[in-house]
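# Structural features, examined
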Amino acid sequence: MSAEKIIEQIKKDSEKEIKQIQLDAEKQRKEIITQAKKEGEAKARKILENGKKTIENQKKIQISKANQESKKEIMKAKEELIEECFIKAQQKLSQIKGKEYETLVKKLIKEGVEKLGKNCTIIASREVDKKIAEQQGLKVAGKTDAAGGVILKSADGKITLDYTLDGILKREKQKIRIKVGKLLFS
C-alpha cells in the first residue's frame, strides 16, 4: 500500500472518528439538556408546591385571626349589652316605691336581724327605710348613698351586712350576668 493510500485511509478514519465523536457529543449534549430540564421542572414543581402550601397556611392563619377578631367583637358587643341591662336594672331598682318597696325592705331587715340579732344598727338609704326600722324597734344611725335598701351593723360593729339594692346587685352580678346572657343570646 502506498503512502498516499495510507494517508487517505487515515484521513477517512479520522473524519469517521470525528463524526462519531461529534454525534456522541451531540447525543451527550441532548441527554444533559434533557436531564437538566427534568431537574429544573422537578425543582419548579417543588417550589410551586411549597409556595402553595405556604399560601394555604397563610390563608388559614389569616382566617383564624379574622375569626378570633370577630369573636372578640361579638363578645365585646354582648358585654356592652349585658352592662346596659345592669344599668337599666339599677335605674328600675331605684324607682321601686310604695308597698312593693316597703315589703322588700321589711324582708331585707328581717333577714339581717335574723343573722345579727335585735341589737343591730340600721343605716338607711331612704326616709321610708328609717321609718320601717323604727317601727320594728331597731336603732337607725345614719344614711347611706344607695338606690334603696339598708346596711345592718352588729352591736359590736364587727359585722356589716350590705342589703342595699346596689350591694345586692353587685354581689349577685355574676349569677345575673350568666342568666341575662342566656336570655339574650340563647
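Residues numbered from 1 in each chain as written. Predicted model: local features only at pLDDT ≥ 70, side-chain atom pairs only at ≥ 80, totals over all residues. Heavy atoms only, no water.

So, on to the nonpolar core. Soluble, globular proteins show a tendency: their nonpolar side chains are buried together. Grouped together as the largest cluster of nonpolar side chains are 17 residues, with contacts concentrated most on I109, I122, L138, V150 and L152. Only α2 (98–116), α3 (127–135), β3 (149–153) and β4 (160–164) provide two or more residues apiece to this core. Element by element, the count of residues in this core is highest for α2, at six residues. If near-sequence neighbours (up to four positions away) are discounted, I109 is found in contact with I122, I132, A133, Q136, L138, V150 and L152. (Core = buried A, V, L, I, M, F, W, Y, C linked by side-chain atoms within 4.5 Å. Buried < 20%, exposed > 50% of the residue type's maximum accessible area, 1.4 Å probe, protein only. Helix = DSSP H or I, 4+ residues; strand = E, 2+ residues; numbered from the N terminus. Contact = heavy atoms within 4.5 Å.)

Counted according to the given criterion, the structure contains seven salt bridges. In this structure, a network of salt bridges that share partners links the residues E79, E83, K173 and R177. (Salt bridge = Lys/Arg side-chain N within 4 Å of Asp/Glu carboxyl O.)

The next thing to look at is the sheet that holds β4. Judged by pairing direction, the sheet is mixed, and its four strands sit side by side in the order β2-β1-β3-β4 without closing on themselves. The outermost strands of the open sheet, each flanked by one partner alone, are β2 (139–143) and β4. Between one strand axis and the next, the sheet turns by 25° as a mean value, whatever way the strands run. Pairing between strand β1 (residues 121–124) and β3: four bridges, direction antiparallel. Counted as the bridge partner of I122 is L152 from β3. On top of the sheet, α2 reaches β1, β3 and β4; it is set at about 15° to β3, its chief contact. (Pairing = 2+ DSSP bridges. Axes fitted to C-alpha atoms, helices over the stretch in contact; angles between N-to-C directions.)

Tallied over the entire structure, the rule returns zero aromatic pairs. Sitting over the ring of Y101, R126 keeps its end group 3.8 Å from the ring centre. The ring of F86 is capped by K173, whose NZ or CZ atom sits 5.0 Å from the centre of that ring. (Phe/Tyr/Trp six-rings, centres within 6.5 Å; stacked < 30°, edge-to-face > 60°. Lys NZ or Arg CZ within 6 Å of the ring centre and 35° of its normal.)

The next subject is the pairing of β2. When β1 meets β2, the two strands line up parallel, connected through three bridges. Paired with A124 across the two strands is K143, which belongs to β2. With α3 bridging β1 and its parallel neighbour β2, the resulting β-α-β unit is right-handed. (Right-handed = clockwise from strand over helix to strand, strands pointing away.)

Turning to the packing of helix α1 (residues 3–94) against helix α5 (residues 173–185), a few remarks are in order. Where α1 contacts α5, the two axes come as close as 10 Å, and the packing angle between them is 115°. The hand of the α1/α5 crossing is right-handed. Between α1 and α5, the contacting residues are K78, E79, L81, I82, E83, C85 and F86 on the first element and K173, I176, R177, V180, G181, L184 and F185 on the second. Of the residues belonging to the contact of α1 with α5, the class tally is eight nonpolar, one polar and five charged. (Left-handed = near helix turned anticlockwise from the far one by under 90°. Nonpolar A, V, L, I, M, F, W, Y, C, P; charged D, E, K, R; others polar.)

Turning our attention to the environment of E41. Relative to the assigned elements, E41 resides in helix α1. Separated by 58 residues in the primary sequence, E41 and K99 have C-alpha atoms spaced 89 Å apart.

Before going further, it helps to examine the side chain of R126. Turning to its location among the elements, R126 is positioned in the loop between β1 and α3. For R126, the contacting residues outside a window of four places in its chain are L93, S94, Q95, I96, K97, Y101, K143, A147 and G148.

Summarising the element assignment, T164 is placed in strand β4. Accessibility expressed as a relative area gives 3% for T164, which makes it buried. Engagement of the side chain of T164 in a polar contact is seen with the side chain of D162, the distance being 2.6 Å. Filtering out sequence-adjacent residues up to four positions away, T164 remains in contact with T144, A146, G148, G149, V150 and I151. (Polar contact = N/O pair within 3.5 Å; in protein donor to acceptor, adjacent residues only side chain to side chain.)

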